[in-house]
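Each chain, letter by letter, is given below.
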Amino acid sequence: MSEEIWIVDDDRGVRFVLAEALRDAGLAVREFGDVAAARAALRDARPGVWLTDVRMPGEDGLSLLNELNAQGIGPVIVMSAYTDVATTAAAYRAGAVDYLAKPFDLDHAVEVVQRALASVASPTAPAGSGVAPGHALLGESAPMREVFRLIGRVAASDLNVLVTGETGTGKELVARALHEESARRDKPFVALNTAAIPSELLESELFGHEAGAFTGATRRVAGRFEQAEGGTLFLDEIGDMPLVLQTRLLRVLAGGEFYRVGGRELIRGNVRIVAATHQDLAARVAAGQFRADLMHRLDVVRIELPSLRSRRSDIPLLAQHFLAASAQELKLPPKRFARATLKLIAQRDFPGNVRELENLCRRLAVIAPGSEILPADLGGHAGAPASGEWTDALREWAVAALAGGEADIHARARDALDQTLLLAALQASEGHRQHAAQALGVGRNTLTRKLGASRTRRT
Ligand SMILES: Nc1ncnc2c1ncn2[C@@H]1O[C@H](COP(=O)(O)OP(=O)(O)OP(=O)(O)O)[C@@H](O)[C@H]1O
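Procedures and definitions
- Residues numbered from 1 in each chain as written.
- Predicted model: local features only at pLDDT ≥ 70, side-chain atom pairs only at ≥ 80, totals over all residues.
- UniProt positions renumbered as here; feature names shortened; annotations may be inferred.
- Helix = DSSP H or I, 4+ residues; strand = E, 2+ residues; numbered from the N terminus.
- Contact = placed C-beta atoms within 7 Å.
- Expected span 1.5 Å × (residues − 1).
- Buried ≥ 20, exposed ≤ 12 C-beta atoms within 10 Å, placed from the backbone.
- Arc of directions from axis to C-beta.
- Near = placed C-beta within 6 Å.
- Nonpolar A, V, L, I, M, F, W, Y, C, P; charged D, E, K, R; others polar.
- Domains from an automatic or database assignment.
- Pairing = 2+ DSSP bridges.
- Axes fitted to C-alpha atoms, helices over the stretch in contact; angles between N-to-C directions.

As recorded in an unreviewed UniProt entry, the chain goes by DNA-binding transcriptional regulator NtrC and comes from Rhodanobacter ginsengisoli. The Subcellular location (unreviewed entry) comment attached to the chain in UniProt states, word for word, "Cytoplasm". Here the chain is described in UniProt, under the heading Function (unreviewed entry), as follows: "Member of the two-component regulatory system NtrB/NtrC, which controls expression of the nitrogen-regulated (ntr) genes in response to nitrogen limitation. Phosphorylated NtrC binds directly to DNA and stimulates the formation of open promoter-sigma54-RNA polymerase complexes."

Set out below in structure tokens:
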């Protein structure tokens, strides 16, 4: 077996630095500027490992990968600047052993090549079925690229996956992407939010019931397991599942068989389970609220979604996407963010993560007056105020007041807030109460009352 590494990339710069790094590591390297040249070289030689770009003028890297894979020539490592789930998963499906997201770290690239060389004896994965459909899952930050890579890696397998992450981080989207990128994509994707269903109904929701199984069960109903036959069942908020049902679910997962509620017919299912939770399952196990054996069965592969505030570089991309999508969906004229507005948004903390950002953009699509969304538009309408502004000063004051054991902290802060806002508005309206009230978005009576209250307290 040849130990030569073949690099196919139309970008000379990439070829050069990569080839140098590999040679420094003691490997022999051959470079090709396009697929045709590499294919010609195949007539009288074989590489140890291929590294190929995806999008190149002429034939693209994936079609080469498919062909090499069909002929058992490999292993192939795909390099691409396109790090979305669809491209990554398509590469893995076509038989890539690894995926390097450009720009990549050279040491990491050398390591990946060495690993591929070491595993040369093992056969490559079977060829896949072409290019994947587009995905709603967006992100360019390093942690999201890692998520896409994992999805690409495990989608084609039938392994159970546990998706973890705070609320609104995209757990359901990941489950859908896993389904779309698997051979099950033409079968149903069925989602069930365990926390949203009363526990006494959950069993019949999951496994279905026969007519007469309980009061009100007038006909046989298929449960989510049956509905998802051949496809994927997404169990959201799995941490909230009652213990009795955990036992039942465990039995079904272990045996692959179940009965409908009130039924005698044993049903054999073929369903892939993707579960999600925002809770720390291990902690729930320790507290006796979740079965350890069920956790291990669900947590075969874990995909951890990062919070939005830990990947702020994705915020502008997501915000622009949501703004455009909202305008289209609500049939509103398109708007765009001023650069300063995007910067302010990217500083926010978003405890509700991507969902909260999506809601903010939807609101702005509706209420921002101009075609360009300015920082002022974020003002009172945009949810929590940006961190790093007056709230920081307020927080400092509160921390000091709490530490000093002061009394009536909330009332005093509220008074100070009222007074500051009212005086600023009155100044701006040159003492005109009606205008000041309008500008603040409060009624005139409220303004008068608050003015009175703050005066009374001060005296
Ligand atoms: N990476 C992403 N790219 C684009 N949209 C996203 C992304 N992540 C989340 N969203 C959007 O944010 C919203 C929330 O996502 P999703 O429902 O998947 O989150 P979740 O983690 O399952 O939330 P919960 O824990 O509250 O159920 C959805 O509208 C989804 O389309």
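Visitor: What's the story with the overall build of the chain in this structure? I'm lost.
Guide: Looking only at helices and strands, one finds 20 helices and 14 strands in the chain. Put simply, of all contacts in the chain between residues at least 6 apart along the chain, 72% involve residues at least 24 apart.

Visitor: Hey, could you run me through helix α15 (residues 353–367) in this one?
Guide: Residue pairs three or four apart in sequence face the same way in an α-helix, which turns once every 3.6 residues. Here α15 is 15 residues long and its end C-alpha atoms lie 21 Å apart, about the 21 Å a rise of 1.5 Å per residue gives. Taken together, the buried positions of α15 are occupied by Asn-353, Val-354, Leu-357, Leu-360, Cys-361, Leu-364 and Ala-365. Axial view of α15: buried residues confined to an arc of 140°, hence all on one face. In this fold, the buried residues of α15 make contact with α13 (315–329), β14 (372–373) and α16 (375–378).

Visitor: Would you explain the site of the ligand in this entry?
Guide: The immediate surroundings of the ligand are formed by 19 residues, with Leu-138, Gly-170, Lys-171, Glu-172 and Val-354 found nearest. Mapped onto the shell around the ligand, the elements with two or more residues apiece are α7 (171–180) and α15. Here the shell around the ligand is composed, by residue class, of seven nonpolar, seven polar and five charged. Three or more residues apiece are contributed to the shell around the ligand by two domains, here domain 2 (147–304) and domain 3 (315–378).

Visitor: How should I be thinking about the sheet that holds strand β6 (residues 161–164) in this particular structure?
Guide: Picture the strands of a sheet paired through backbone hydrogen bonds; they go either parallel or antiparallel. One open sheet accounts for five strands, arranged β7-β8-β11-β6-β12; its pairing is parallel. Of all strands in the sheet, those with a lone pairing partner are β7 (189–193) and β12 (301–304), marking the two edges. Direction aside, the axes of adjacent strands within the sheet are offset by 20° on average. Relative to strand β8 (residues 232–236), α7 is tilted by about 170°, and along the sheet it contacts β6, β7, β8, β11 (272–277) and β12.

Visitor: Just checking my understanding: could you explain helix α6 (residues 142–155) for this structure?
Guide: Here α6 contains 14 residues, and its C-alpha end-to-end distance of 20 Å stays within 8% of the 20 Å for a straight helix at 1.5 Å per residue. Met-144, Val-147, Phe-148, Arg-149, Ile-151, Gly-152, Val-154 and Ala-155 are the residues of α6 that are buried. Taken together, the buried residues of α6 touch α4 (85–93), β5 (98–101), β6, α7 and β12.

Visitor: Explain unusual backbone geometry to me, please; I cannot follow it from the model alone.
Guide: The bulk of non-glycine residues show a negative phi, and the bulk of peptide bonds are trans. Looking along the chain, the bond that leaves Lys-102 and enters Pro-103 is cis, with omega of -5°. Relative to the assigned elements, Pro-103 resides in the loop between β5 and α5 (106–118). Positive phi, normally seen in glycine, also occurs at Phe-350, with a value near 45°. Summarising the element assignment, Phe-350 is placed in the loop between α14 (339–346) and α15.

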